[in-house]
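Notes for the structure review
The chain contents come next:
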Amino acid sequence: ISGNTYYLTTWSRDNTDNTPNSELWNVSASTFVFDSSVPVSAVQLPVAYTTYSVLGSISGTVNDEPALTDVTKTSAGVQGVEFTIQRQPDALYYQGTADSWGAIKWIAASTTTANPTAWNSSAMPPWAHNTRYWIVARSSDRANNVESITAGIFTSSRSIHFDSAVATAAVNNR
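Residues numbered from 1 in each chain as written. Predicted model: local features only at pLDDT ≥ 70, side-chain atom pairs only at ≥ 80, totals over all residues. Heavy atoms only, no water.

**Quick word on the overall build of the protein chain**
- In terms of helices and strands, the protein chain carries zero helices and twelve strands.
- Counting from the amino terminus, helix and strand elements in the protein chain follow one another as β-β-β-β-β-β-β-β-β-β-β-β.
- In the protein chain, which comprises 174 residues, the share counted as buried stands at 34%.
- When the accessible area of the protein chain is evaluated, it comes to approximately 10500 Å², of which 53% is carbon and sulfur surface. (Helix = DSSP H or I, 4+ residues; strand = E, 2+ residues; numbered from the N terminus. Buried < 20%, exposed > 50% of the residue type's maximum accessible area, 1.4 Å probe, protein only. Areas by Shrake-Rupley, 256 points an atom, 1.4 Å probe, with all protein chains shown as cover.)

Structure follows, in structure tokens:
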């Protein structure tokens, strides 16, 4: 069962002289955690369905199940968080440097602890005026479970719009 801790002992029996020799030899013992649950990430910044003129970083949270929802369980721990940014008009993905766009690319986010609960990144593209973007995060744990982006479509993704035009105003004196 995912999240349970198991203790495993291996041993061998010596029967080489064809007599009932009941000596047992302890070879090895180990404790391990079985974790088949995927971690869960969420995007906190940017806010979904918001229009931005400047966005210098993105950030969010991450937790590894099953310990998140059941304190009696143990998790393997978060390995890392990645994100991707898709430009909506042409469905191309940010490649992580300069103004480079192409096939989907997952970019590593920064985490600050060995078992992180938060992530962030300032690896941002040059945002284009009047353009919609889709930002998706996914996480993985030390048991190599990777979060499905379709399972967390509402928490691990954000759709934003960019408007970098300067607002203008005119005063008419009549």
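**Considerations on the pairing of strand β10 (residues 118–121)**
- Here β10 shows a clear split, with Trp119 and Ser121 buried on one side and none of Ala118 and Asn120 buried on the other.
- Pairing of strand β5 (residues 58–64) with β10 involves four bridges; the strand directions are antiparallel. Looking at the pairing, isoleucine 58 lines up with serine 121 of β10. (Pairing = 2+ DSSP bridges.)

**Considering the packing of aromatic side chains**
- Under the defined criterion, the tally for this structure stands at five aromatic pairs.
- Grouping aromatic residues by their ring pairs yields a cluster made of Tyr94, Trp101, Trp127, Tyr133 and Phe162.
- The side chain of arginine 87 reaches across the aromatic face of tryptophan 101, ending 4.3 Å from its centre.
- If you follow arginine 138 out to its NZ or CZ, it ends over the ring of tryptophan 106, 4.0 Å from the centre. (Phe/Tyr/Trp six-rings, centres within 6.5 Å; stacked < 30°, edge-to-face > 60°. Lys NZ or Arg CZ within 6 Å of the ring centre and 35° of its normal.)

**Considerations on the nonpolar core**
- Counting residues in each nonpolar core, the largest one holds 21 residues, and the members touching the most others are Ile85, Trp119, Trp127 and Ile160.
- Looking at this core, the elements with two or more residues in it are β5, β6 (78–87), β11 (131–141) and β12 (157–162).
- Among the elements that make up this core, the one with the highest residue count is β6 (four residues).
- When sequence neighbours within four positions are dropped, the list of residues in contact with tryptophan 127 reads Leu55, Ile85, Tyr133, Ile135, Ile160 and Phe162. (Core = buried A, V, L, I, M, F, W, Y, C linked by side-chain atoms within 4.5 Å. Contact = heavy atoms within 4.5 Å.)

**Quick notes on the pattern of salt bridges**
- On inspection of all chains with the given rule, the structure shows two salt bridges.
- Note that glutamate 82 and arginine 138 form a salt bridge whose closest N and O atoms lie 2.8 Å from each other. In this pair, glutamate 82 sits in strand β6 while arginine 138 sits in strand β11, placing the two residues 56 residues apart along the sequence. (Salt bridge = Lys/Arg side-chain N within 4 Å of Asp/Glu carboxyl O.)

**Regarding a nonpolar patch on the surface**
- Taken together, the side chains of Tyr6, Leu8, Phe32 and Phe34 present a nonpolar region at the surface, about 350 Å² in accessible area.
- Here tyrosine 6 lies in strand β1 (residues 5–13). (Patch = residues over 30% accessible without salt bridge, like charges linked within 9 Å, V, L, I, M, F, W, Y side chains within 5 Å.)

**Examining the side chain of threonine 84**
- Among the secondary structure elements, threonine 84 is positioned in strand β6.
- Of the polar contacts made by the side chain of threonine 84, one reaches the backbone oxygen of lysine 105; its length is 3.1 Å.
- For threonine 84, the residues in contact, after removing those within four places along its chain, are Tyr93, Ile104, Lys105, Trp106, Trp134, Ile135 and Val136. (Polar contact = N/O pair within 3.5 Å; in protein donor to acceptor, adjacent residues only side chain to side chain.)

**Considering the environment of serine 36**
- Structurally, serine 36 is set in the loop between β2 (24–33) and β3 (39–45).
- Residue serine 36 is classed as partly exposed on the basis of its relative accessible area, which comes to 44%.
- Beyond its immediate chain neighbours, meaning those up to four positions away, serine 36 contacts Ser2 and Asn145.

**A word on the pairing of β11**
- With respect to burial, β11 is a largely interior element, eight of its eleven residues being buried.
- In the sheet, β6 pairs with β11 via nine bridges, with the strands oriented antiparallel. For phenylalanine 83, the partnering residue across the bridge sits in β11 and is alanine 137.

**Points about the sheet that holds β5**
- The antiparallel open sheet is built from three strands, whose spatial order is β3-β5-β10. Single-partner strands in this sheet number two, and they are β3 and β10. For this sheet the average axis-to-axis angle between neighbouring strands, irrespective of direction, equals 25°. (Axes fitted to C-alpha atoms, helices over the stretch in contact; angles between N-to-C directions.)

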